[in-house]
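Structural overview
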Amino acid sequence: MSNHLFDQLLPQSLDQERVFIAAGPGRDLTFGALQTRSAKIAHALVAAGVVPGAVVAVQIEKSPEAVLLMLACLRAGAVFLPLNTAYTAPEISYFLGDAKPRVFVCDPARLDELKPAAASAAVAHCWTLDAAGEGSLTQHAAGQSPSFANVARGPNDLAALLYTSGTTGRSKGAMLSHANLASNAAALCGLWRFSRDDVLIHALPIYHTHGLFVAINVALLAQAKLLFLPRFDVNEVLALMPGATSLMGVPTFYTRLVAHPGLNHAVSANMRLFISGSAPLLAETHREFSARTGHAILERYGMTETGMITSNPYDGERRPSTVGFPLPDVAIRIAEPATGALLPQGEIGVVEARGPNVFSGYLNMPDKTREEFRADGYFMTGDLGFIDPQNYLHIIGRGKDLVISGGFNVYPKEVESEIDALAGVLESAVIGVAHPDLGEGVTAIVVARPGAMLKSDAMLAGLKTRLAAYKCPKRIILVDDLPRNSMGKVQKNVLRQTYAALYTA
Ligand code: MCA
Ligand code: AMP
């Protein structure tokens with residue numbers, strides 16, 4: 001039986017002995033182990049009632065076993081829903097309630113805290129998996145057969161559900177099909193020339209498109225090897241570099257590498273490719289990295305809803321401050337945000353994309369889905385950009401009110417709602433301010449109720465019980481009132497100007 005994505009990622013003919021994930025003593029995974037161990041987990045999922053199309057939600061630490069679980073979900077015909085490990089119990093409660101997974105796998109250390117959320121979403125099984133690969137999931141898989149007849153899945157069947165925050169209201173679950181993921185992985189593997197000779201340093205988290213589908217799927221297709229790090233650590237990445245060929249990272253990886261005295265031509269001599277994405281890479285970082293190593297970072301652009309859309313070329317000029325050209329089979333255009341009228345080359349408008357990579361819609365949100373597509377199938381990214389005379393796409397800002405901190409998206413509305421709910425707060429405005437390490441720092445400007453005495457520390461402590469830590473403001477600034485225009489709307493542009501040098505001065 002054919003299983004569209006899995007058959008492409010892991011054809012039977014692979015060299016079983018080759019190592020795919022190198023993760024330290026006793027933790028390596030060969031291609032053979034990917035087959036047999038994911039089969040065991042797939043059996044366990046089926047035994048737990050995971051039928052084709054059922055959702056399996058996971059909030060687990062990065063580990064080789066987490067990759068096995070993703071593959072097992074594909075094989076069982078399930079929809080894989082990875083969740084950021086930083087999400088708090090109230091956040092998890094929303095995702096489980098919306099996606100209604102059959103199985104939820106979480107860190108054993110958080111089982112007691114998260115069980116009530118799973119129970120109220122009527123999740124049938126709450127399993128565990130820790131960073132060492134231990135937990136009830138491993139026990140359920142232990143006695144199972146190492147071969148599994150993959151559930152048949154076609155190109156349009158769902159493979160994954162990835163939540164992306166919304167400008168208004170709650171997070172939206174982007175439904176990604178087997179074809180969305182397979183087409184993007186194949187395009188990137190070809191474009192970036194990944195092969196069996198590649199050794200990719202994998203230091204990204206594996207609950208987002210970048211670390212999960214860009215890095216892992218491309219490496220699988222190429223039968224390359226992954227050097228798996230639990231998280232980004234500049235010293236460890238530099239230590240691995242002489243034995244590696246490639247790195248994928250968010251701009252913070254590159255600003256931290258450039259700030260390290262150990263980055264030089266010698267340490268990167270074996271590397272062939274450095275890729276950056278998820279947030280804008282400063283031209284200054286691009287140039288300095290080039291000067292220090294002789295490598296021009298390849299910047300690409302994408303979204304959860306679309307996977308990768310554009311990439312700078314492998315051959316040819318990798319231009320700083322641009323995100324390159326559309327991937328093969330992907331079309332982009334620039335439109336006037338309000339009317340959708342197409343704009344001539346060089347003019348700034350909203351970037352729209354169409355292609356086999358573009359998702360089919362948001363779970364349980366048909367209206368929201370309709371709002372974000374044009375009638376002819378183009379998806380409105382909400383990013384503002386223009387196409388230069390050499391056809392390079394430049395992203396120059398966002399039409400959507402969004403802050404990207406160290407590659408994680410934070411929607412101000414969500415943070416403002418939580419701040420406004422704190423005792424003594426009258427109102428708040430959350431903005432992104434240039435931050436030397438994170439690109440943008442989440443910054444809250446807060447007005448107290450008359451007579452109330454607000455303390456930043458106490459407010460932060462309150463926020464941390466509700467919001468993932470990366471969404472919490474790096475600074476809270478107390479003011480008497482917020483600047484407003486004649487319509488009464490808060491002027492965030494004025495606030496951005498006022499606090500522009502907050503983290504750099
Ligand atoms: C951690 N913290 C952060 C962030 N990361 N705060 C703001 N922004 C962040 N990105 C907080 C922690 O909660 C902690 O707070 C404190 O900062 C230090 O945490 P630590 O874990 O030591 O930080 P780190 O390990 O140095 O992490 C920074 C990082 C990491 C390496 C930049 O955030 C990261 O790996 N980001 C990658 C994100 C990513 O994969 N994005 C791709 C999305 P406290 O001290 O209060 O506890 S996919 C996407 O965007 C599209 C599709 C695309 O185009 O790729
Ligand atoms: P997410 O929805 O979390 O996947 O984040 C997608 C958003 O990240 C895009 O809409 C862009 O705003 C931003 N993004 C991704 N790559 C780049 C890039 N190379 N340059 C600028 N912004 C980027």
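The structure reproduced in this document is the subject of the present report.

Definitions and limits used
Residues numbered from 1 in each chain as written. Chains lettered and ligands numbered in written order. Predicted model: local features only at pLDDT ≥ 70, side-chain atom pairs only at ≥ 80, totals over all residues. Heavy atoms only, no water. Helix = DSSP H or I, 4+ residues; strand = E, 2+ residues; numbered from the N terminus. Rg over C-alpha atoms; globule rule 2.2 N^0.38 Å. Buried < 20%, exposed > 50% of the residue type's maximum accessible area, 1.4 Å probe, protein only. Contact = heavy atoms within 4.5 Å. Lys, Arg positive; Asp, Glu negative; His and termini not counted. Charge placed at Lys NZ, Arg CZ, Asp CG, Glu CD. Polar contact = N/O pair within 3.5 Å; in protein donor to acceptor, adjacent residues only side chain to side chain. Axes fitted to C-alpha atoms, helices over the stretch in contact; angles between N-to-C directions. Parallel < 35°, antiparallel > 145°, perpendicular 65-115°, else oblique. Nonpolar A, V, L, I, M, F, W, Y, C, P; charged D, E, K, R; others polar. Near = heavy atom within 4 Å. Areas by Shrake-Rupley, 256 points an atom, 1.4 Å probe, with all protein chains shown as cover. Pairing = 2+ DSSP bridges. 1 Å grid on protein atoms, 1.4 Å probe; cavity = no way out; pocket = protein on both sides within 12 Å on 5 of 7 lines; lining within 4 Å. Points joined across faces, edges and corners; volume = space filled by probe spheres on them. Core = buried A, V, L, I, M, F, W, Y, C linked by side-chain atoms within 4.5 Å. Salt bridge = Lys/Arg side-chain N within 4 Å of Asp/Glu carboxyl O.

The next subject is the overall build of the chain. Within the chain one finds 15 helices and 25 strands. At 23 Å, the chain has a C-alpha radius of gyration in line with the 23 Å of a compact globule built from 505 residues. Structurally, the chain occupies a C-alpha span of about 65 × 55 × 50 Å along its principal axes. Counting every position in the chain, which comprises 505 residues, the buried fraction comes to 57%. Long-range contacts, defined here as pairs at least 24 residues apart, represent 66% of the contacts in the chain between residues at least 6 apart. Charge-centre separation for the chain: the mean point of 43 positive side chains lies 2 Å from the mean point of 45 negative side chains.

As a further point, take the side chain of asparagine 84. With respect to the helices and strands, asparagine 84 occurs in the loop between strand S4 (79-82) and helix H4 (89-99). One polar contact links asparagine 84 to tyrosine 207, side chain to side chain, over a distance of 3.3 Å. Apart from residues lying up to four places away in sequence, asparagine 84 is in contact with Gln59, Tyr207, His208, Phe408 and Tyr470.

Now for the packing of helix H3 (residues 64-75) against helix H8 (residues 209-222). The interhelical angle for the contact between H3 and H8, taken along N-to-C directions, is 80 degrees, at an axis separation of 13 Å. Between H3 and H8, the angle falls in the class roughly perpendicular. On H8, the residues that touch Val67, Met70 and Leu71 of H3 are Leu212, Ile216, Asn217 and Leu220. Split into classes, the residues belonging to the contact of H3 with H8 amount to six nonpolar, one polar and no charged.

On to the site of ligand 1, then. The full set close to ligand 1 counts 25 residues, and Arg256, Ser278, Arg300, Ser405 and Lys464 are the nearest of them. With respect to ligand 1, the side chain of serine 278 contributes an N or O atom lying 2.6 Å from an oxygen atom. One of the side-chain nitrogen or oxygen atoms of lysine 464 is found 2.5 Å away from an oxygen atom of ligand 1. Burial of ligand 1 by the protein amounts to 73% of the accessible area it has alone, namely 1000 Å².

In the neighbourhood of ligand 2, 15 residues make up the surrounding shell, with Arg300, Thr304, Asp383, Lys400 and Asn409 lying closest. Within the backbone of arginine 300, one N or O atom sits 2.7 Å away from a nitrogen atom of ligand 2. Here threonine 304 contributes a side-chain N or O atom positioned 2.7 Å from an oxygen atom of ligand 2. For ligand 2, the protein covers 92% of the area, taking 500 Å² as the surface of the free molecule. In terms of residue count, the dominant contributor to the shell around ligand 2 is strand S13 (residues 298-303) (five residues).

Our next topic: the sheet that holds strand S20 (residues 393-398). In space, the four strands of this open sheet follow the order S16-S17-S19-S20, with antiparallel pairing throughout. The sheet is open, and its two edges are formed by strand S16 (331-335) and S20, each paired on a single side. Here the strands of the sheet are splayed against their neighbours by 50 degrees on average, with no regard to which way each runs. As paired elements, strand S19 (residues 379-387) and S20 share five bridges and run antiparallel to each other. Of the residues in S20, the one forming a bridge with aspartate 383 is arginine 398.

Moving on: the pairing of strand S23 (residues 425-435). Among the 11 residues that make up S23, eight are buried, leaving the element largely enclosed by the rest of the structure. Between S23 and strand S24 (residues 439-448), which follow one another and run antiparallel, lie three residues.

Applying the stated criterion to the full structure yields three cavities of 30 Å³ or more. Along its surface, the largest cavity is lined by 14 residues, and Leu181, Asn184, Thr209, Phe213 and Gly307 are the ones closest to its centre. Within the residue set of the lining of the largest cavity, elements represented by two or more residues are helix H7 (178-191), H8 and strand S14 (307-311). The element contributing the most residues to the lining of the largest cavity is H7, with five residues. In the lining of the largest cavity, the residues fall into seven nonpolar, seven polar and no charged. Each pocket or cavity is described by its volume, and for the second largest cavity that value is around 80 Å³. Forming the boundary of the second largest cavity are Val58, Ile60, Glu61, Ala66, Met70, Phe80, Pro82, Leu83, Ile206, Tyr207 and Leu212. Of all the secondary-structure elements, those providing two or more residues to the lining of the second largest cavity are H3 and S4. In terms of residue class, the lining of the second largest cavity is built from 10 nonpolar, no polar and one charged.

It is worth spelling out the side chain of glutamine 223 at this point. The topology assignment puts glutamine 223 in the loop between H8 and strand S10 (225-228). Within the structure, the side chain of glutamine 223 is placed 2.9 Å from the side chain of arginine 196, a separation counted as a polar contact. With residues near it in sequence (within four places) discarded, glutamine 223 still touches Leu14, Arg18, Phe31 and Arg196.

Here we take up the environment of glutamate 236. Relative to the helices and strands, glutamate 236 resides in helix H9 (residues 234-240). Residue class for glutamate 236 comes out partly exposed when judged on its relative accessible area of 38%. C-alpha separation for the pair glutamate 236 and alanine 203, spaced 33 residues apart in sequence, amounts to 9.4 Å.

Below, the discussion takes up the nonpolar core. Leu69, Phe104, Phe194, Met241 and Leu257 are the most contacted members of the largest nonpolar core, which has 162 residues in total. Contacts of leucine 69, omitting those with residues within four sequence positions, involve Ile41, Leu45, Val58, Ile60, Phe80, Val105 and Leu137. Judged by nonpolar contacts, the second largest core, of 11 residues, contains Ile431, Ile445, Tyr499 and Tyr503.

Under the counting rule described, the total for this entry stands at 25 salt bridges. Between glutamate 352 and arginine 374 there is a salt bridge, with the nearest N and O atoms lying 2.6 Å from each other. Linking glutamate 352 in strand S17 (residues 349-354) with arginine 374 in the loop between helix H12 (366-371) and S19, this pair joins segments that are 22 residues apart in sequence. One exposure class covers both glutamate 352 and arginine 374, and it is buried. Measuring nitrogen to oxygen at the nearest pair gives 3.1 Å for the salt bridge that ties lysine 471 to glutamate 414. Taken together, the residues lysine 471 in the loop between helix H14 (456-464) and strand S25 (475-479) and glutamate 414 in helix H13 (residues 412-420) connect sequence positions 57 residues apart. Look at lysine 471 and you get buried, because its relative accessible area is 3%. Through salt bridges with shared partners, a single network forms among Arg333, Glu352, Arg374 and Asp376.

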